Amino acid sequence: MTARPSPILVLASSSPRRRDLLAQIGVTPGQIRSPDIDEEPRKGELPRTYAERMASEKAIAVPRQEGEVVLAGDTTVALGRRILPQAQSEEDVARFLRMLSGRRHRVHSAISVIDASERQRTRCVTSQVRFKRLSEEEIRDYARSGEGIGKAGGYAIQGRAAGLIDFLAGSHSAVVGLPLFETRTLLKAAGIALA
Ligand SMILES: Cc1cn([C@H]2C[C@H](O)[C@@H](COP(=O)(O)OP(=O)(O)OP(=O)(O)O)O2)c(=O)[nH]c1=O
């Protein structure tokens with residue numbers, strides 16, 4: 001019996017973080033394709049359901065050729081039932097941090113993999129994060145750093161925000177953008193060669 005060649009991995013993401021996270025577990029995608037989907041939450045949609053739907057839709061949205069495996073992800077920051085979107089400006093970052101200051105919030109990080117036989121599997125990891133009680137000066141300094149712009153919830157745990165976070169339960173890699181344990185498991189199941 002001849003061993004089947006490992007399929008080509010397509011990363012359906014425009015996020016450099018997701019590329020770096022994959023590299024951390026020794027995976028280099030053969031192709032990177034940006035998904036273009038409507039990211040507006042549905043009315044009353046719960047944050048976890050939204051994260052799963054986004055990851056699933058991103059995986060479906062990119063063009064796929066025979067023999068390719070597609071991986072997509074979505075990281076959603078939630079305060080109760082409320083979704084905090086990607087911060088677009090320093091003002092957004094400051095506003096989100098004022099909301100997050102001193103209380104726990106959840107980060108839902110979903111991944112979705114479509115394997116070469118078109119089977120799609122989606123998983124979601126939920127982590128809890130708490131910022132210390134932030135002073136107005138800390139909030140302004142962080143917002144001014146620009147780090148939180150383009151990030152869900154307006155912060156980056158892999159950056160200087162780590163110095164303001166006093167509690168994390170769950171998966172650090174998931175908060176950054178990809179739950180690496182679950183990612184490895186799904187990629188293995190899809191036949192991607194992994195160490
Ligand atoms: C909470 C948090 C989010 N983020 C980032 C990861 C994601 O890039 C972004 C969440 O937005 P996503 O919609 O998950 O991803 P994206 O739009 O950047 O990329 P794509 O959809 O093409 O894959 O926030 C961090 O880098 N660090 C953090 O601590």
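Residues numbered from 1 in each chain as written. Predicted model: local features only at pLDDT ≥ 70, side-chain atom pairs only at ≥ 80, totals over all residues. Heavy atoms only, no water.

## Notes on the site of the ligand
Then step 1. Near the ligand you find 20 residues, and of these S13, S14, R17, R18 and K58 are the closest.
Then step 2. Residue D74 places a side-chain N or O atom 3.4 Å away from an oxygen atom belonging to the ligand.
Then step 3. Within the complex, the protein chains bury 94% of what would otherwise be the 600 Å² of accessible surface of the ligand.
Then step 4. For the shell around the ligand, the elements supplying multiple residues, two or more each, are α1 (16-24), β3 (68-79) and α5 (172-176).
Then step 5. Here the shell around the ligand takes three residues from β3, the largest share from any one element.
Then step 6. In terms of residue class, the shell around the ligand is made up of eight nonpolar, six polar and six charged. (Near = heavy atom within 4 Å. Polar contact = N/O pair within 3.5 Å; in protein donor to acceptor, adjacent residues only side chain to side chain. Areas by Shrake-Rupley, 256 points an atom, 1.4 Å probe, with all protein chains shown as cover. Helix = DSSP H or I, 4+ residues; strand = E, 2+ residues; numbered from the N terminus. Nonpolar A, V, L, I, M, F, W, Y, C, P; charged D, E, K, R; others polar.)

## Some points on the nonpolar core
Then step 1. F131, Y155 and L187 are the most contacted members of the largest nonpolar core, which totals 42 residues.
Then step 2. What L187 contacts, discounting residues up to four positions off in sequence, is L9, L22, V27, L71, V113, I192 and L194.
Then step 3. By size, the runner-up hydrophobic cluster in this structure holds seven residues, among which are V10, A59, V70 and I114. (Core = buried A, V, L, I, M, F, W, Y, C linked by side-chain atoms within 4.5 Å. Buried < 20%, exposed > 50% of the residue type's maximum accessible area, 1.4 Å probe, protein only. Contact = heavy atoms within 4.5 Å.)

## Points about the pattern of salt bridges
Then step 1. Applying the stated criterion across every chain yields a total of 13 salt bridges.
Then step 2. Of the charged contacts, one joins K58 and D74 as a salt bridge, the two residues approaching to 3.0 Å between their closest N and O atoms. Placement of K58 in helix α2 (residues 47-61) and of D74 in strand β3 is noted, with a sequence separation of 16 residues between them.
Then step 3. Looking at D74, the relative accessible area reads 4%, which means it is buried.
Then step 4. In this structure, the salt-bridge partner of R98 is E136, at a minimum N-O distance of 2.7 Å. One end of the pair, R98, is in helix α3 (residues 90-100); the other, E136, is in helix α4 (residues 136-145), and 38 residues separate them in sequence.
Then step 5. Given a relative accessible area of 43%, R98 falls into the partly exposed group. (Salt bridge = Lys/Arg side-chain N within 4 Å of Asp/Glu carboxyl O.)

## Some details on the confidence of the model for the protein chain
Then step 1. Here the protein chain shows a mean pLDDT of 96. Residues at 70 or above account for 98%.
Then step 2. Overall fold confidence for the complex sits at a pTM of 0.96, while the interface term, ipTM, reaches 0.97. (pLDDT = per-residue confidence, 0-100.)

## Quick look at the pairing of strand β6 (residues 120-131)
Then step 1. The sheet contact formed by strand β5 (residues 104-114) and β6 spans 11 bridges and is antiparallel. Paired with R104 across the bridge in β6 is R130.
Then step 2. Here β5 folds back onto β6, and the loop between the two strands holds five residues, one of which, E118, carries a positive phi near 75 degrees.
Then step 3. Where β6 meets strand β7 (residues 165-169), four bridges bridge the pair, whose relative direction is antiparallel. In the strand pairing of β7, Q128 is matched with A169. (Pairing = 2+ DSSP bridges.)

## Quick word on helix α6 (residues 180-189)
Then step 1. Of all the residues in α6, the buried ones are L180, T183, L186 and L187. Down the axis of α6, the buried set is contained in an arc of 125 degrees. They therefore lie on one face.
Then step 2. The first or second residue beyond α6 is G191, which carries a positive phi of 90 degrees. (Arc of directions from axis to C-beta.)

## Here's the deal with α2
Then step 1. Under the 1.5 Å per step criterion, the end-to-end length of α2 is 21 Å for 15 residues, consistent within 8% with the ideal 21 Å.
Then step 2. If you follow the buried residues of α2, they end up packed against α1, β3, β4 (82-84), β5 and β6. (Expected span 1.5 Å × (residues − 1).)

## Things to note about the environment of H108
Then step 1. Its place among the elements puts H108 in strand β5.
Then step 2. For the pair formed by H108 and S127, sequence separation is 19 residues and the distance between their alpha carbons is 6.5 Å.
Then step 3. Aside from chain neighbours lying at most four places away, what touches H108 is P47, R48, A51, D74, T75, T76, A78, C124, V125 and T126.
Then step 4. A distance of 2.8 Å separates polar atoms of two side chains, one belonging to H108 and the other to T126.

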